[in-house]
Every structure is written in structure tokens, then in C-alpha cells.
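Listed here are the chains, written in short residue letters.
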Amino acid sequence: MIILHIFTEELSAKNVFDEILPKIIPGISYRIYPHQGKQDLHKALKTTIPSISKIPGSRILITRDQDNQDCKDVKNDLAQVLDGKCVCPYSIRIVCRELESWFLGDLNAIKQAYPRFKPEQHIGKADFKNVDLIAIPKNYLLRIIPEYHNAETLPKLETSSKISQFLDLDNNTSMSFQFTISAIKQLVSA
């Protein structure tokens, strides 16, 4: 029996995976391990993955935000931490730039979660040609979602919970989102 173990750097990513995994891999068991930032995630990679990777049927997906770093450097750093510690199939996916890019890749999901949002005002903008390049996606969401116009910071857990249930798995324009879905499918078929 396959069990997919997903390690994330934050709780808001768990909200997303809890919504999309049953649609991507119906019938496959999974566990999500949210962490409290990058350092906490790195510590878990050293201490938790060696034992989990020995459980028969285990597959491991590690996700981490790119933020302002180079994707390849982030991925190489994580791979070095795992070097020799993981004995099951695994994949590392870097979320470009932040998890909120995945939401910007599906303006219709934002509209369904926040009915006052007007996707037609944003679809033609240059930023939406490649949402993975938007520098600080959480701030972008804060500006475009009417319910948050007076907020100083994006309520990440609330936003991820509301939007993720409407994400279109096939039509999201975030390549990072698409690569992560592809990695999940490959892991469970390995």
C-alpha cells in the first residue's frame, strides 16, 4: 500500500494539499507534515524522513517556497540535507515564489471564494502571463481581494482554506502548481 508523505514549510500549504490530493490521487493514503518555517522543515528532513522513508510503501514529497532565492539553489540545498537519509522514492518541489502564486494562477477560484473579486479586471495584465514571477504574491492577493483592502497582512490560513477548495487542477496557470501535481502523480505510480 502506498502512503504519500508531504512535508511543507507552513500550515497554509496543508490546507491546499488536503483539498487537491483526493482529486489527484483518489484512494491513495497520505499524511501532511506542516512545519513552522524553513528551519523547522530542514530539521524534520534530517530527523523525521530517515524513519518515515523506511515504512513500506512510503513516498515523500517536500515542498518549500522559493521566496527570493534561486530555485536550483533551494532544491540543491534540500537534496543535500536528504543525501543518504531517504531510502524511498521522493521528490522536491519548489513553490515559485510562494504558495499564493498557485492562487493567482486560478482567478476563477479566487472569484468563487471571494464573490466581490472581479477576475476580468486582472486577466489581461502582464503580471498574469507568468504568475510564478510575481515577487510577493501574498501582497498581490491582499491588494486585489476586496475583502482584504484594509488589512495589513494576508490571513494566509483563511485565504488558503477558502481558495484551495475551488482550484482547477487542469487550468491553473502557475507552472509551479502544475509541476507539483505532476510530481505527485509520478511518485504514486513509482
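What you see as residue numbers is a count from 1 along each chain, following the sequence as written. Given that this is a predicted model, residues contribute local features only at a pLDDT of at least 70 and side-chain atom pairs are listed and counted only at 80 or more, while totals for whole chains, interfaces and linings are drawn from all residues. In computing side-chain values, all of the structure's heavy atoms are included and hydrogens and water are not.

(A) Region of interest: unusual backbone geometry. The phi torsion at Asp67 lies on the positive side, around 55°, for a residue other than glycine. Within the element layout of this structure, Asp67 appears in the loop between strand 3 (58–65) and helix 4 (71–82). Put simply, DSSP H or I for four residues or longer makes a helix, DSSP E for two residues or longer makes a strand, and each gets a number counted from the N terminus.

(B) Spatial organisation of the nonpolar core. Among the nonpolar cores identified, the biggest contains 41 residues, and Phe17, Leu104, Ile110 and Ile163 are the most heavily contacted of them. Elements represented by at least two residues in this core include exactly strand 1 (3–8), helix 1 (11–24), helix 5 (100–104), helix 6 (107–113), helix 7 (137–144) and helix 9 (175–189). Excluding residues within four positions of it along the chain, Phe17 makes contact with Ile6, Thr8, Pro22, Ile32, Leu61, Thr63, Trp102, Thr180 and Ile184. The term nonpolar core refers to a set of buried residues drawn from Ala, Val, Leu, Ile, Met, Phe, Trp, Tyr and Cys, joined through side-chain atoms within 4.5 Å. Buried means the residue's accessible area, taken with a 1.4 Å probe over protein chains only, is under 20% of the maximum for its type, while exposed means over 50%, and partly exposed covers the values in between. If you look at the next biggest cluster of nonpolar residues, it comprises 17 residues, including Ile60, Val74, Leu82 and Cys86. Residue contacts follow a heavy-atom distance rule, with two residues in contact if any of their heavy atoms lie within 4.5 Å.

(C) Up close: the packing of helix 1 against helix 9. Axis definition: a line fit to C-alpha positions, over the contact stretch in the case of helices; interaxial angles, taken between N-to-C directions, run 0 to 180 degrees. With their axes 11 Å apart at the nearest point, helix 1 and helix 9 run at an angle of 55° to one another. Relative to helix 9, the element helix 1 lies oblique. When you trace helix 1 past helix 9, the crossing you get is right-handed. Two secondary-structure elements touch here, helix 1 through Phe17, Ile20, Leu21 and Ile24 and helix 9 through Phe177, Thr180, Ile181, Ile184 and Lys185. In this classification, the charged set is Asp, Glu, Lys and Arg, the nonpolar set is Ala, Val, Leu, Ile, Met, Phe, Trp, Tyr, Cys and Pro, and all remaining amino acids, among them Gly, are polar. Split by residue class, the contact of helix 1 with helix 9 holds seven nonpolar, one polar and one charged. Orientation categories follow fixed angle ranges, with anything under 35 degrees roughly parallel, anything over 145 roughly antiparallel, 65 to 115 roughly perpendicular, and all other angles oblique. Left-handed describes a crossing whose near helix is turned anticlockwise from the far helix through less than a right angle; right-handed describes the clockwise counterpart.

(D) Structural detail: the sheet that holds strand 1. Spatially, four strands are ordered 2-1-3-4 in an open sheet, and the strand pairing comes out parallel. This sheet does not close on itself; its edge strands, each paired only once, are strand 2 (29–34) and strand 4 (90–95). For this sheet, the mean inter-axis angle between neighbouring strands, taken without regard to orientation, is 20°. DSSP bridges decide pairing: two strands pair if at least two such bridges lie between them. Relative to strand 4, strand 3 runs parallel, the two being bridged by six bridges. For Asp65, the partnering residue across the bridge sits in strand 4 and is Val95. Across the sheet, helix 2 (residues 38–47) is in contact with strand 1 and strand 3; its angle to strand 3 comes to roughly 155°. Along the sheet, helix 4 makes contact with strand 3 and strand 4, crossing strand 4 at roughly 150°.

(E) Just the pattern of salt bridges, in detail. What makes a salt bridge here is a side-chain nitrogen of Lys or Arg within 4 Å of a carboxyl oxygen of Asp or Glu, nothing more. According to the stated counting rule, one finds seven salt bridges in the structure shown. Two residues, Lys156 and Glu10, come together in a salt bridge whose shortest N-O distance is 2.9 Å. With Lys156 in helix 8 (residues 156–164) and Glu10 in the loop between strand 1 and helix 1, this residue pair connects regions lying 146 residues apart in the sequence. Judged by its relative accessible area of 22%, Lys156 falls in the partly exposed class.

(F) The side chain of Glu98, seen in detail. For Glu98, the position within the fold is in the loop between strand 4 and helix 5. The exposure class assigned to Glu98 is buried, which follows from its relative accessible area of 7%. Counting of polar contacts relies on pairs of N or O atoms within 3.5 Å, with two restrictions inside protein: one atom must be capable of donating a hydrogen and the other of accepting it, and residues adjacent in sequence are counted only when both atoms are side-chain atoms. Among the polar contacts made by the side chain of Glu98, one reaches the main-chain amide nitrogen of Lys138 at a distance of 3.2 Å.

Keep in mind that these numbers describe shape and distance, not what the molecule does.
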